[in-house]
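Summary of structural features
What follows is the residue order along each chain.
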Amino acid sequence: MDNSPDEDDLLDEDSSEFFINFPPDVQKAIDEVLPSRDSLDEPDFNSIDYINSLFPTEQSLSNIDEVVIKMENQIHTIDNEISTVIRSQIEASKEGREALDESQKIIKQLFIHIKDIKERAEKSEEMVREITRDIKQLDCAKKNLTLAITTLNHLHMLVGGVDTLKSLTQKRLYGEIALPLQAICEVMTHFENYSDIPQIKSLSDQVNSIHVELADQITLDFKEAFQGSNNKSHIPNKQLQQACLVVSILDPKVKKDLLKWFVNLQLQEYDHLFQETEDTAWLDKIDKRYAWIKRHLLEFEDRLGNMFPQNWEVSERIAVQFCHKTREELSKIMVKRKSEIDVKLLLYAIQKTSAFESLLFKRFSGVTLKENLEETVKSQTKSDINQAIAQRNGNLKDEAINEEMALIASPFNGLIGRCFIPHLEIYIDSVDKNLTDLIDRFVQDEKQHRPTENTETQAAILPSCPDLFVFYKKSMIQCNQLDRGQSMLSLTRTFQKYLHEYSEKLLQNNLPKIEGQSSLGSSVQNFTKDLQKMSTSGLIQNFSSLLKEGDIIRFTKEEQTKICCILTTAEYCLETTQQLQDKLKEKIEPHLSEQIDLSKEQDQFHKVISNCIQLLVQDLENVCEPSLTAMTKIQWQNIDTVGDQSSYITSITTNLKTTVPIIRDNLAHSRKYYTQFCIKFANSFIPKYIQNIYKCKPINTEGAEQLLLDTHMLKTVLLNLPSIASQISRSAPAAYSKVVTKGMTKAEMILKLVMTPIEPQKNFVDQCKKLLPECQLTEFYKILEMKTVKRQEQAVLADMFKSHK
């Protein structure tokens, strides 16, 4: 049933007033919770469409009463449901209001209870405060009383102790002074806050006066006891032994000054016997210095060792002062007599010094050296500490404190020996000279000796190579014992110099050279002339007679073996140089390790390896060159049948089977570089083979088929090249197979394109792009020349080739 336009507009206006539009997400949620198929529930409900669906024709209006009754019943049902929901909501609201009122009443009661508890707690706190007020007063009084009694006791001890100390000091009863002196010193710490009281200040001044008097008196007693001839004959007595206990309690400076005087006294004889003008002062008599101090320490400990407290470490202090004096004297005399020092004398002195320092390390703990370092730390800033530590080690570079603390773990190391560091260039020069002689000897020996042979575990290398690195190792160990700083850096530079020389003189210069290289070109020319004189009907007969290699200049088997030996030697040097660099970085001072870099030397050995591989590749190419030349001289346009592989393929295969196994066996322990050799040969040989294919012109279809067969056979041989003529079947490396497959596939596609008819031209160009997607215009012209396409037609095809998409 259709309404008039006015009625439709009126109906739309009325419906829009009552229709509710929900957001899409809300409407989606309603549909999920209350799914409905009734068209009245659809969001885009249209009343006109709905009525038309109920009454599609005029005849359907006969049922209008039934539809109206049905609608009224549905409306009545919905009204009932809405009334029920509204009543339930009213009841729920009423119950909620009652619950809220009840909750408010309970909260008011709870607030009253909390307020009551708070008031009771405040009353209880006040009651406790009243009870404990008197107790706190009594406790404070007790503390004050205890402090007063303690202070009075300390004051009594101080007054009585001062009088006692004065009396004992005058009588030199050091054994009875030690304990009360210690007690008074501890008591005085309790009166530091009362120094403004005159009586306390007076007692403090008296105690300080006693300290000064004891220090002067004990120092005088020691000097009188060891004055003049008494230094050797004095027998230690109990009084001086007890005086040392008193000195331990006094100001540390007293002990320090007393020990400094006593240690210098013990070394007076040493200063006299080994003064600069004496013969015993020079380096060749250095062992006498160490013999004297060892003998003197034994005598001192036997005669006076028990007189000093053990924690004073007097023997160690004498030894340390001896080391300082010795280092200073040796430094002065070596500067003045530098021209008289040779490496043998220097190493002798260093060896004796190192042995003596090791003996001191075993005998003493080095605690006095650590004390000196701690004093330095306290008195200097961090930057000053680094400088002082660097100077202590004979090194002007700043070093971290923790590195110095690690050095203290072996405190006597270099205590004397660092005086030799400025002169270690003599040692470095000696190493340089020895390496020069060693390299010269290696060069001479190389002319007379053969390289070592392959073993199951090691490749053949030049015997001089291990000898060189053994010398390096010994020199590095020796230099590390002498100095881990600049000398080790200088030694590294020397190592670098002779690694380069070894690479040049023993490896690069010993690579075999093909004598009369220029004759190769003339031999090929003569070979070509002979080919041209021969009959061109059918395949060339007696092809093997044309491929005689008597005129080919190539390496002998011994020369090939030598090239492989030099390659494996360079590989050994490369790996060992890396290990040498790591070891040098480990041995040298940490702040210098970044300056150790042998990468240039490693590059040099890489260069030797690359040259060896290139020579082997060129040699193998040379032996295959006549066969490739012969291939281009075959009259391919006269071939009428396709047979077995051509003789030049057989010749190439024979040459590969003869040469490659020699290289493979010699590089059995260098599979990486053998693979590189195979890849380089393939990368060089296959493009040459393709260029020679372009020279095979003119060529007919049968000739192209024969050449395609030859190419396929050569591809099979090349894919098997790494294990050719080997009893062990091993698949070729993937990288090599990829190179061969790509290159030889291109050669096959070229020949397939040659066999493709030139007409229709568009199909030919399409086929070219399909078979050779990377084909360039120059290669396209070469293919056309093989097919003997006329120049005019070539131009048309070239235009089509350039415009092809």
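Of the regular secondary structure elements, the protein holds 30 helices and zero strands. Looking at the protein alone, contacts between residues at least 24 apart form 78% of all its contacts between residues at least 6 apart. Surface exposure of the protein reaches about 47300 Å², of which carbon and sulfur atoms provide 53%.

Taken as a whole, this structure holds 21 salt bridges when the rule is applied. Of the charged contacts in the structure, one is a salt bridge between K253 and D257, with a shortest N-O distance of 2.8 Å. Separated by four residues within a single helix, K253 and D257 lie in helix α9 (residues 252–266), roughly one turn from each other. With a relative accessible area of 51%, K253 lands in the exposed category. A relative accessible area of 38% places D257 in the partly exposed class.

Let us now look at the nonpolar core. Counting 172 residues, the largest nonpolar core has F222, F420, Y502, L656, Y689, L707 and L718 as the members making the most contacts within it. Beyond its immediate sequence surroundings of up to four residues, L718 is in contact with L656, F681, F685, I686, Y736, V740 and M744.

With that out of the way, let us pick up the packing of aromatic side chains. Within this structure, the stated rule accounts for 25 aromatic pairs. Geometrically, the ring pair formed by F469 and Y572 is edge-to-face, given 6.2 Å between the ring centres and 75° between the ring planes. Of the two residues, F469 sits in helix α18 (residues 464–482) while Y572 sits in helix α22 (residues 557–587), which places them 103 residues apart along the sequence. By relative accessible area, F469 is classed as buried at 8%. Relative accessible area serves as the criterion here: at 26%, Y572 is assigned to the partly exposed category. Among the aromatic residues, those joined into a cluster by ring pairs are F222, F226, W261, F262, F300, F308 and W312. Its guanidinium or amino end placed over the ring of W282, R337 lies 4.0 Å from that ring's centre, counting from NZ or CZ.

Following K697, the chain continues into P698 via a peptide bond in cis, with omega recorded as -5°. Tracing the backbone shows P698 in the loop between α25 (671–695) and α26 (701–719). Phi at T788 takes a positive value of approximately 55°, unusual for a residue other than glycine.

This next bit is on the packing of helix α28 (residues 761–771) against helix α30 (residues 791–803). Relative orientation and spacing of two packed helices are given, respectively, by the angle between their axes and the distance between those axes. Two elements in contact, α28 and α30, have axes separated by 10 Å at closest approach and are oriented at 55°. Taken together, α28 and α30 sit at an angle that is classed as oblique. The handedness of the crossing between α28 and α30 comes out as right-handed. Packed against α28, whose contacting residues are Q761, K762, V765, C768 and K769, the element α30 presents E793, V796, L797, M800 and F801 at the interface. Looking at side-chain class alone, the contact of α28 with α30 contains six nonpolar, one polar and three charged residues.

Before going further, it helps to spend a moment on the confidence of the model for the protein. In this model, the protein carries a mean pLDDT of 80, and residues with pLDDT of at least 70 account for 77%. Scored below 50 in pLDDT, residues 388–409 makes 42 contacts in the model with residues more than four places away or belonging to other chains. Note that pLDDT drops below 50 for residues 516–550; the model gives that stretch 38 contacts with residues more than four away or on any other chain.

A word on the packing of α9 against helix α12 (residues 314–336). The N-to-C vectors of α9 and α12 enclose an angle of 65°; their axes lie 10 Å apart at closest approach. Both α9 and α12 take part in a crossing whose hand is right-handed. Across the interface between the two elements, L259, F262, V263, N264 and Q266 from α9 touch V314, R317, I318, Q321 and K325 from α12. Considering only residue class, the contact of α9 with α12 consists of five nonpolar, three polar and two charged.

Look at α30: 19 Å from first C-alpha to last across 13 residues, which is about the 18 Å you get at 1.5 Å a residue. Inspection of α30 places Q794, L797, A798 and F801 among the buried residues, and these make up the whole buried set. Projected down its long axis, α30 carries its buried residues within an arc of 110°, all on one side. Seen from the buried face of α30, the exposed residues on the opposite side, beyond 90 degrees, are Q792 and S803. The elements touched by buried residues of α30 are α28 and α29 (777–786).

So, how was this worked out
- Residues numbered from 1 in each chain as written.
- Predicted model: local features only at pLDDT ≥ 70, side-chain atom pairs only at ≥ 80, totals over all residues.
- Heavy atoms only, no water.
- Helix = DSSP H or I, 4+ residues; strand = E, 2+ residues; numbered from the N terminus.
- Contact = heavy atoms within 4.5 Å.
- Areas by Shrake-Rupley, 256 points an atom, 1.4 Å probe, with all protein chains shown as cover.
- Salt bridge = Lys/Arg side-chain N within 4 Å of Asp/Glu carboxyl O.
- Buried < 20%, exposed > 50% of the residue type's maximum accessible area, 1.4 Å probe, protein only.
- Core = buried A, V, L, I, M, F, W, Y, C linked by side-chain atoms within 4.5 Å.
- Phe/Tyr/Trp six-rings, centres within 6.5 Å; stacked < 30°, edge-to-face > 60°.
- Lys NZ or Arg CZ within 6 Å of the ring centre and 35° of its normal.
- Axes fitted to C-alpha atoms, helices over the stretch in contact; angles between N-to-C directions.
- Parallel < 35°, antiparallel > 145°, perpendicular 65-115°, else oblique.
- Left-handed = near helix turned anticlockwise from the far one by under 90°.
- Nonpolar A, V, L, I, M, F, W, Y, C, P; charged D, E, K, R; others polar.
- pLDDT = per-residue confidence, 0-100.
- Expected span 1.5 Å × (residues − 1).
- Arc of directions from axis to C-beta.

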